[in-house]
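Here are the chains, one letter per residue:
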There are 2 protein chains.
Amino acid sequence: MPVVGMVGGGQLARMTQQAAIALGVRLRVLAENPADSAATVCADVRIGTHTSLEDLRAFAEGCDVVTWDHEHVPGEHIRALEAEGVVCLPGSAALLHAQDKLVMRERLSALGAPCPDFAAVHTVDDVTRFAEKHGWPVVVKAVRGGYDGKGVWIVRAPEEAAEVVASGTALMVEECVDFRRELAALVARSPHGQGAAYPVVETVQQDGICVEVVAPAEGLSEDTAAEAQRLALQIADQLGVVGLLAVELFETEDGVIVNELAMRPHNSGHWTTDGSPTSQFEQHLRAVLDLPLGDTGTHSPWTVMGNLLGGDDPDLYPRYEHCMAHDPGLKIHFYGKEVRPGRKIGHVNVMGDDLPRLRARAEHASLYLRDPGLVYPEEGK
Amino acid sequence: MPVVGMVGGGQLARMTQQAAIALGVRLRVLAENPADSAATVCADVRIGTHTSLEDLRAFAEGCDVVTWDHEHVPGEHIRALEAEGVVCLPGSAALLHAQDKLVMRERLSALGAPCPDFAAVHTVDDVTRFAEKHGWPVVVKAVRGGYDGKGVWIVRAPEEAAEVVASGTALMVEECVDFRRELAALVARSPHGQGAAYPVVETVQQDGICVEVVAPAEGLSEDTAAEAQRLALQIADQLGVVGLLAVELFETEDGVIVNELAMRPHNSGHWTTDGSPTSQFEQHLRAVLDLPLGDTGTHSPWTVMGNLLGGDDPDLYPRYEHCMAHDPGLKIHFYGKEVRPGRKIGHVNVMGDDLPRLRARAEHASLYLRDPGLVYPEEGK
């Protein structure tokens, strides 16, 4: 049976282990720390850092494929591994588009994919000139390394731009898209070119963090859903992605516009573990191993995923009792991470026919697990 | 988060790890060998043997609950652990009924549960006397340690009985039940007394090994299904079982009769991983941790499980490609065991509406993974 190495010991590697167990595939993870989310649930754990080529090289030894739990592995390290014959999937050339937002925008625009207008930013003037053309506010983004709302600034005036530019981070600017809601199209592509698309979902963000996913997106026209899936499959194909590709989208009056790309299992696909015959984690393994892709159908008309954010109380296990008794169909996924306020520490899934009820169930569990006082004020501190 | 210790490193512990990952529960396994099925997928593996009280004692240190991957832990060892304050679930008093078939028959008969007539066997005369009353053939069983058809003999004459008795194993005899088919009722019970029943399934055996499970059992009357579930819940309650209880049943003209008991995740419940919101492995963890039990509903009208038995070719991974391409909805579960002819090395699940088609799909995959020549003779050796 093949050995798949996943660089990074986060929750994505953790959940990939569940899929690897069923397939009999051996998952090796490179974790910074033995207490990392995936390191506590895998038998084959190597301790090291993704910023060290030496650690990566030692890790890759004996792996049939190396893949990624996150986008932070330096491109030059991946290229070095590739030059030494390590099979890295997605490869450095594709992954660059999930690592560098400016490269991504340039490439997607050249391919004709719908994107917001954008420009590189070196000085405050670059922002001001862009805003004079597109109107304030504008969105300034770190070109690399942003996530969960970090590295994104809504800038309303030159003075605000000056503050961000002063940070010295490589930046770009984009027009502020007037969108109805955010969607995500998750697809997989294998080396021999097979593609598979999951239903397009709606993602609901609060303060830049995804708090809820509804699968499929409610009231989405068949045409727009098909357009989004086709767009994601095309991007996967044109960028040579192998594995999963999550395309975060804005739904506007005129159709969908690409927001971000991720080339790994993605928060917008966590619903698949309980809501689809093929979890995104299994699909990613199948894709990087060049196995035929799995059924992307759904078990129920609706699946709702609610993210669990940490509250003040670090011990959420005692709160399992209420949630499980309250809702026997609730699926809890805990990442084994130390609980810190606002940190993503897990998620819940619920499946069924009645969407408003499912959303209420997911919200109840997410809030209760965070802090019972959010649901039952009389239990609050 | 609690630590659950599972004694035994087999596939049941392996699949329990998948459920433990989601719940954030730490699963520790006691494996004989680092290459054991569960030992290759868990982070917390202790090497030792279940026949050594010392190994068990060291293993239990720091576990919140100790539970079992199999029935072979000596009762006196479990009682010793219990006396030392280790929480063992199911406990020795309940587990005895899954370890000793004669004790089980005596107890269930006393409780009024429908059982075949039976008697203890010390001499060939015991068998002959029993057969003169009930007619040949009779079923002679090892009182302890049988599984997958091992330890069960259909005996047609005193000479055949003599051969079995000569083995020196502790034996019992039962009447040969004239049954239509075999069923299994899987339930869970928690320390605070909550019970939950999965739909009653049909199990299909070949040469004493389960080859197929159909969930729910086709054409089973609502009355018989409810009777079987009630019976299993009653047995769990009356024996004080905590965790899962699988009751293997014969369906006869007059209703159901108890065949065997198992107090752990069971082959007849492997369909739940893909066919129900709550897998039997998660349910077992919830029960032994005294968490509220999960939804035992189904995703689809039918789920069919096919066991994978080893063939001559030890490397079945190359055969994944055909099976996955042939059937994208097929769920493969491989146990990471060395392939040996006839050995249970995994199973497949398929879910859907069309039962004959599902059975054909499961059979195709089971046979192909065993030996492509069984499906495509022209590919045979």
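Please refer to the structure higher up on the page.
Keep in mind that this is a model prediction, so the values were computed, not measured.

Caption draft 1: Local environment of the pattern of salt bridges. All told, the structure shown has 42 salt bridges over all chains when counted by the stated rule. One salt bridge in this structure joins D327(A) and R361(A), with 2.7 Å as the shortest N-O distance. With D327(A) in the loop between helix 11 (320-326) and strand 16 (331-334) and R361(A) in helix 12 (residues 355-370), this residue pair connects regions lying 34 residues apart in the sequence. With relative accessibility at 17%, the residue R361(A) sits in the buried group. Between E174(B) and R105(B) there is a salt bridge; the shortest N-O distance is 2.7 Å. Of this pair, E174(B) sits in strand 8 (residues 171-175) while R105(B) is found in helix 5 (residues 101-111), placing the two residues 69 residues apart along the sequence. Residue classification places R105(B) among the buried residues on the basis of a relative accessible area of 0%.

Caption draft 2: Structural view of the packing of helix 1 (residues 11-23) of chain A against helix 1 (residues 11-23) of chain B. At a minimum axis distance of 10 Å, the contact between helix 1 of chain A and helix 1 of chain B shows a crossing angle of 160 degrees. Compared by their axis directions, helix 1 of chain A and helix 1 of chain B come out roughly antiparallel. Along this stretch, helix 1 of chain A crosses helix 1 of chain B, giving a crossing that reads as left-handed. Where helix 1 of chain A abuts helix 1 of chain B, its residues R14(A), Q17(A), Q18(A), I21(A) and A22(A) lie against R14(B), Q17(B), Q18(B), I21(B) and A22(B). A per-class count over the contact of helix 1 of chain A with helix 1 of chain B returns four nonpolar, four polar and two charged.

Caption draft 3: Structural detail: the side chain of K344(B). Residues and elements named next belong to chain B. Among the secondary structure elements, K344 is positioned in strand 17 (residues 344-352). Here K344 falls in the buried class, since its relative accessible area comes to 13%. At 2.7 Å, the side chain of K344 and the side chain of N267 are in polar contact.

Caption draft 4: Region of interest: the packing of aromatic side chains. This model, assessed by the stated rule, comprises eight aromatic pairs over all chains. Seen from their ring centres, Y368(A) and Y376(A) are 5.9 Å apart, and the 75 degrees between their planes marks the pair as edge-to-face. Pairing Y317(B) with Y320(B) gives two aromatic rings, centres 5.1 Å apart and planes at 50 degrees, and the pair type is tilted. Given a relative accessible area of 16%, Y317(B) falls into the buried group. The buried category is assigned to Y320(B), whose relative accessible area is 0%.

Caption draft 5: The arrangement of the relation of the copies chain A and chain B in detail. For the match of chain A to chain B, the screw axis carries a shift of 0.0 Å, the RMSD comes to 0.0 Å, and the turn is 180 degrees. Such a turn and shift between the copies fits a two-fold axis. Here 100% of the interface residues in chain A have copies in chain B that are interface residues too; the copies meet face to matching face.

Caption draft 6: Geometry of the sheet that holds strand 3 (residues 44-47) of chain B. All names here are of chain B. Read from one edge of the open sheet, four strands run 3-2-1-4, paired in parallel fashion. On the outer flanks of this sheet lie strand 3 and strand 4 (65-68), each paired with one strand and no other. Between one strand axis and the next, the sheet turns through 25 degrees on average, direction left out of account. Where strand 2 (residues 26-31) and strand 3 come together, four bridges link them in parallel fashion. In the strand pairing of strand 3, R28 is matched with D44.

Caption draft 7: Focus on helix 3 (residues 75-83) of chain B. Buried within helix 3 of chain B are the following residues: G75(B), H77(B), I78(B), A80(B) and L81(B). Those residues of helix 3 of chain B hidden inside the fold are in contact with helix 2 (53-60), strand 4 and helix 4 (92-99) of chain B.

Caption draft 8: Molecular detail of the interface of chain A and chain B. Listed by partner, the interface residues are 41 residues for chain A and 41 residues for chain B. For the pairing of chain A and chain B, the buried interface totals around 3400 Å² over both sides, and the portion due to carbon and sulfur atoms is 61%. Among the residues of chain A in contact with chain B, I21(A), Y317(A) and M324(A) are the three that bury the most area, contributing 19% of the side total. The interface formed by chain A and chain B holds two salt bridges in total. The shortest N-O distance in the salt bridge between K331(B) and E282(A) comes to 2.9 Å. The interface formed by chain A and chain B contains 15 residue pairs in polar contact (both at pLDDT 80 or more). Elements represented by at least two residues in the side of chain A that touches chain B include exactly helix 1, helix 10 (280-288), helix 11 and strand 16 of chain A.

Rules used in this analysis
Residues numbered from 1 in each chain as written. Chains lettered and ligands numbered in written order. Predicted model: local features only at pLDDT ≥ 70, side-chain atom pairs only at ≥ 80, totals over all residues. Heavy atoms only, no water. Salt bridge = Lys/Arg side-chain N within 4 Å of Asp/Glu carboxyl O. Helix = DSSP H or I, 4+ residues; strand = E, 2+ residues; numbered from the N terminus. Buried < 20%, exposed > 50% of the residue type's maximum accessible area, 1.4 Å probe, protein only. Axes fitted to C-alpha atoms, helices over the stretch in contact; angles between N-to-C directions. Parallel < 35°, antiparallel > 145°, perpendicular 65-115°, else oblique. Left-handed = near helix turned anticlockwise from the far one by under 90°. Contact = heavy atoms within 4.5 Å. Nonpolar A, V, L, I, M, F, W, Y, C, P; charged D, E, K, R; others polar. Polar contact = N/O pair within 3.5 Å; in protein donor to acceptor, adjacent residues only side chain to side chain. Phe/Tyr/Trp six-rings, centres within 6.5 Å; stacked < 30°, edge-to-face > 60°. Least-squares fit on C-alpha atoms with pLDDT ≥ 70 in both. Pairing = 2+ DSSP bridges. Buried area = accessible area lost by both parts, 1.4 Å probe.

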